[in-house]
Amino acid sequence: MRCGIFGGSFDPVHNGHVQAASAVGGMRGLKRVYLVPVGQPPHKPDGCEASFPERLAMLQLALREHADAGPPLEAVDLEGRRAGPSYTVDTVEHLRRSHPGVQFELLVGADMLADLPRWERGPDLVRQVCVVAFGRAGTALDQARRAFQGAFEQEVVYAGEAPLADLSSTEVRRCLAAGEPVERLLSPSVEAFIREKGLYGAGPQPAGN
Ligand code: ATP
């Protein structure tokens, strides 16, 4: 049985994350995709803007609202329960121990693929998973693949372009702080959660309402 691991800051989770996890999971014929919010991001010294419990809650809301023909998508809180920087290799090892017999595929956008050669214990990580990459606007996938294959001498599976490739959490946070509408970017329950908590400088309603 094969399952996917899709990690990220999810600060906040947006429609691009959910659609990519579902589309790539479906294309690869995965039984389930685990979405793993980072606890303490090793590559972002300032950390995330929202807390781990808030990011996890938003992810769970988005997944509850999501329904399509793709594989089930499940939020995993592992990295919020570990102290210190969150390394994907630790998460993969934990999931492999708790799911014996499952082969894991690591689903990464082109931006993450380009970064992967610098990740903690990268060789240990890529030995334990099949790396599946998808294209994303703003990052040259071919260049990222060459960097990856040069570092690890291992092939990357290419899973096509992300459905909403020009959407990012950075853009979502910018829109929220500027009072611009975000209903096409976020699921309604995630937007409601953000406005209720006043996250990312968002007001109770978009400007103009
Ligand atoms: P930020 O703008 O804060 O850097 P982000 O939108 O890039 O955030 P992350 O949480 O850092 O999102 O990304 C998690 C994973 O989701 C990565 O593999 C990334 O490539 C992928 N991803 C992010 N946005 C999209 C998108 N619009 N379509 C497909 N995949 C995406």
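Residues numbered from 1 in each chain as written. Predicted model: local features only at pLDDT ≥ 70, side-chain atom pairs only at ≥ 80, totals over all residues. Heavy atoms only, no water.

(A) Structural context of the overall build of the chain. For the chain, the count of helices and strands is eight helices and six strands. Secondary structure elements of the chain, listed N to C terminal, follow the sequence β-α-β-α-β-α-β-α-α-β-α-β-α-α. The globule rule puts the C-alpha radius of gyration for 209 residues at 17 Å, and the 17 Å found for the chain is close to it. With the principal axes as the frame, the chain shows a C-alpha extent of 55 × 35 × 35 Å. When the 209 residues of the chain are sorted by exposure, 46% land in the buried category. Pairs at least 24 apart in sequence give 74% of the contacts found in the chain among residues at least 6 apart. For the chain, the distance from the average site of its 22 positive side-chain charges to the average site of its 26 negative ones is 4 Å. (Helix = DSSP H or I, 4+ residues; strand = E, 2+ residues; numbered from the N terminus. Rg over C-alpha atoms; globule rule 2.2 N^0.38 Å. Buried < 20%, exposed > 50% of the residue type's maximum accessible area, 1.4 Å probe, protein only. Contact = heavy atoms within 4.5 Å. Lys, Arg positive; Asp, Glu negative; His and termini not counted. Charge placed at Lys NZ, Arg CZ, Asp CG, Glu CD.)

(B) Region of the structure containing the site of the ligand. Close contacts around the ligand come from 23 residues, with Asp111, Leu164, Leu167, Ser169 and Thr170 the closest. In the model, an oxygen atom of the ligand is placed 2.9 Å from a nitrogen or oxygen of the histidine 17 side chain. The contact in question runs from an oxygen atom of the ligand to an N or O atom on the backbone of serine 169, over 2.7 Å. Burial of the ligand by the protein chains amounts to 93% of its free accessible area of 600 Å². Mapped onto the shell around the ligand, the elements with two or more residues apiece are strand 1 (2-8), helix 1 (15-27), strand 4 (103-109), helix 4 (110-115) and helix 7 (169-178). (Near = heavy atom within 4 Å. Polar contact = N/O pair within 3.5 Å; in protein donor to acceptor, adjacent residues only side chain to side chain. Areas by Shrake-Rupley, 256 points an atom, 1.4 Å probe, with all protein chains shown as cover.)

(C) Examining the layout of surface pockets more closely. Computed from the structure, the largest pocket encloses a volume of approximately 940 Å³. Residue lining of the largest pocket: 42 residues in total, with Gly7, Gly8, Ser9, His43 and Met112 positioned closest to the centre. Mapped onto the lining of the largest pocket, the elements with two or more residues apiece are strand 1, helix 1, helix 3 (88-98), strand 4, helix 4 and helix 7. Of the residues that constitute the lining of the largest pocket, the class distribution is 19 nonpolar, 14 polar and nine charged. (1 Å grid on protein atoms, 1.4 Å probe; cavity = no way out; pocket = protein on both sides within 12 Å on 5 of 7 lines; lining within 4 Å. Points joined across faces, edges and corners; volume = space filled by probe spheres on them. Nonpolar A, V, L, I, M, F, W, Y, C, P; charged D, E, K, R; others polar.)

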